[in-house]
Structures are given as C-alpha cells and as structure tokens.
Amino acid sequence: VVLRANLLPLHTVEAVVEIGSVVMTGLEVTIDNIYTHIQDVAGIRVICNYLDDIYYMRRLLTRTESFGIQREADYIQTPKETGYRSLHLLLDVPIVISEGTLHLPVEVQLRTIAMDFWASLEHQMKYKQEIPDQEAIAEELRLCAETIRQTDERMLAIRRKIEAAEDTADEEELLFEKLSRIDIG
C-alpha cells in the first residue's frame, strides 16, 4: 500500500493504561506490580479509515525490531462469533526507566471507523448484562456486523475507483504535457 498523498491511514488513536487491574487485586501500584501482574499494561486502539489501512499500520508497527509480536489475532479474517472484527497485536514494547529497560506487553487493536462503531455500541448494549431474548439480539448484532463488513468493503472499493480515476487523469496529463513538448517543425 502506498500512502495516499491526500489521506492519512489513521482516523483516531486512543490509549488505555490498565493500572486498575493492579488496584483490584489489592496490590500497591508500583512498576514491579504492574510488570508482574498485568498481561497488557497499556492498550492502544488505532482507528483507520479503510480496511487496507489496518494491514498497512500493522506493517509499520512490526517492521522495527524494537517491537516484537507476542501474539496476533486477526478477527477481521476470522470474526468472533458475535460478529466482532478487529486486528489485535500484543507487542513487546521497550520502556526506558531509571533502572534500565523494561519490556512491557502493549495490546494494539486496529479497526476501521465502521468496526469501531459496531464494537462500541455492541459493548454498550450487551457487555456483562443479562438480556431477555439474548439469542435474537445476538443474531441482530451479527447481521449488523455483516452489513458493516460489506460497507467497509464497498467504501474501500469506492476509494480505489476514485484513486484509479485520479491516476488515469494524472497519466493523461503527463502524456499531453509530453506530446505538447514535441517539436514537429
């Protein structure tokens, strides 16, 4: 994927620090306790504009030797039963502190705007709640997730058509410019 000159692959980036897990265990909040007792100390949600931007961002994040991938789960290619879609990376990130360098696990979730829309509302409506007629609601949410998947694919196809038309226009302009320079006399 070539970075499009007029569009960035990122829509928003959200960061979460999970010190609450240490507090809930009754432990004092220290670097040692966070390092020892939390699997994903920090989380970053990267919201991308288009599907291909997700994999582009994955390549950017993992091409450096500084970040090692501990685990990867591609819920875009293989969605969860609920319909949830996202690319999850658990990265080993070096953090420099006064005592040296710690390697902390950081979870990175990469989604499109549409995937984030679905996940946010699904979480708000369902998360840890007893819901009457839960199976019918779960099916409705899966159908919504499928509609959103199709919309993501259609938006990407539209963007590609626009880019192809722009490329063609650029090529025609270059050809016209070259032809106008030809001296026939």
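Description of the structure in this document.

Quick word on the overall build of the chain
Point 1. In terms of helices and strands, the chain carries five helices and five strands.
Point 2. Counting all 185 residues of the chain, 30% fall into the buried class.
Point 3. Long-range contacts, defined as pairs at least 24 residues apart, comprise 62% of the intrachain contacts of the chain with a sequence gap of at least 6.
Point 4. About 12500 Å² of surface is accessible on the chain, with carbon and sulfur atoms providing 57% of the total.

Re the nonpolar core
Point 1. Among the nonpolar cores identified, the biggest contains 17 residues, and Cys48, Ile54, Ile76, Val108 and Leu110 are the most heavily contacted of them.
Point 2. Every element with two or more residues in this core is listed here: β2 (42–48), α3 (51–62), β4 (87–97) and β5 (100–112).
Point 3. Once you skip the residues sitting within four places of it in the chain, cysteine 48 turns out to touch Pro9, Leu10, His11, Asp53, Ile54, Met57, Leu110, Arg111, Thr112 and Ile113.

Comments concerning the environment of alanine 114
Point 1. As for its placement among the helices and strands, alanine 114 is situated in helix α4 (residues 113–126).
Point 2. With 37 residues separating them in the primary sequence, alanine 114 and threonine 151 have C-alpha atoms 8.0 Å apart.
Point 3. Here alanine 114 is in contact with Ile148 and Asp152, once residues within four sequence places are set aside.

Brief notes about the environment of methionine 125
Point 1. With respect to the helices and strands, the residue methionine 125 is situated in helix α4.
Point 2. Residues methionine 125 and isoleucine 137, spaced 12 residues apart in sequence, show a C-alpha to C-alpha distance of 9.9 Å.
Point 3. Apart from residues lying up to four places away in sequence, methionine 125 is in contact with Ile131 and Leu141.

Observations concerning empty space enclosed by the protein
Point 1. Evaluation of the coordinates by the stated rule reveals one cavity of 30 Å³ or more.
Point 2. Empty space within the largest cavity amounts to approximately 40 Å³.
Point 3. For the largest cavity, the full set of lining residues is Gly83, Arg85, Met115, Trp118, Ala145 and Ile148.
Point 4. Of all the secondary structure elements, the ones that give two or more residues to the lining of the largest cavity are α4 and α5 (134–181).
Point 5. Grouping the amino acids of the lining of the largest cavity by side-chain chemistry returns four nonpolar, one polar and one charged.

Considerations on the packing of aromatic side chains
Point 1. Under the criterion given, the structure shown has one aromatic pair.
Point 2. Over the ring of tyrosine 75 we find lysine 80; its NZ or CZ atom is 4.8 Å from the centre of that ring.
Point 3. The ring of tyrosine 50 carries arginine 159 above its face, with NZ or CZ at 4.7 Å from the centroid.

Let's talk about α3
Point 1. In a regular helix each residue adds 1.5 Å, so 12 residues correspond to 16 Å; α3 covers 18 Å between its end C-alpha atoms and thus fits that length.
Point 2. Within the sequence span of α3, burial applies to Leu51, Asp52, Asp53, Ile54, Tyr56 and Met57.

Considering the pattern of salt bridges
Point 1. Summed over the entire model, instances satisfying the criterion amount to 10 salt bridges.
Point 2. Here glutamate 163 ties to arginine 159 by a salt bridge, and the two come within 3.0 Å at their closest N and O atoms. Taken together, the positions of glutamate 163 and arginine 159, both in helix α5 and four residues apart, correspond to about one turn of that helix.
Point 3. Note on arginine 159: relative accessible area 7%, which makes it buried.
Point 4. Three or more residues are tied together by salt bridges with common partners; here these are Asp52, Arg159, Arg160 and Glu163.

What counts as what
Residues numbered from 1 in each chain as written. Predicted model: local features only at pLDDT ≥ 70, side-chain atom pairs only at ≥ 80, totals over all residues. Heavy atoms only, no water. Helix = DSSP H or I, 4+ residues; strand = E, 2+ residues; numbered from the N terminus. Buried < 20%, exposed > 50% of the residue type's maximum accessible area, 1.4 Å probe, protein only. Contact = heavy atoms within 4.5 Å. Areas by Shrake-Rupley, 256 points an atom, 1.4 Å probe, with all protein chains shown as cover. Core = buried A, V, L, I, M, F, W, Y, C linked by side-chain atoms within 4.5 Å. 1 Å grid on protein atoms, 1.4 Å probe; cavity = no way out; pocket = protein on both sides within 12 Å on 5 of 7 lines; lining within 4 Å. Points joined across faces, edges and corners; volume = space filled by probe spheres on them. Nonpolar A, V, L, I, M, F, W, Y, C, P; charged D, E, K, R; others polar. Phe/Tyr/Trp six-rings, centres within 6.5 Å; stacked < 30°, edge-to-face > 60°. Lys NZ or Arg CZ within 6 Å of the ring centre and 35° of its normal. Expected span 1.5 Å × (residues − 1). Salt bridge = Lys/Arg side-chain N within 4 Å of Asp/Glu carboxyl O.

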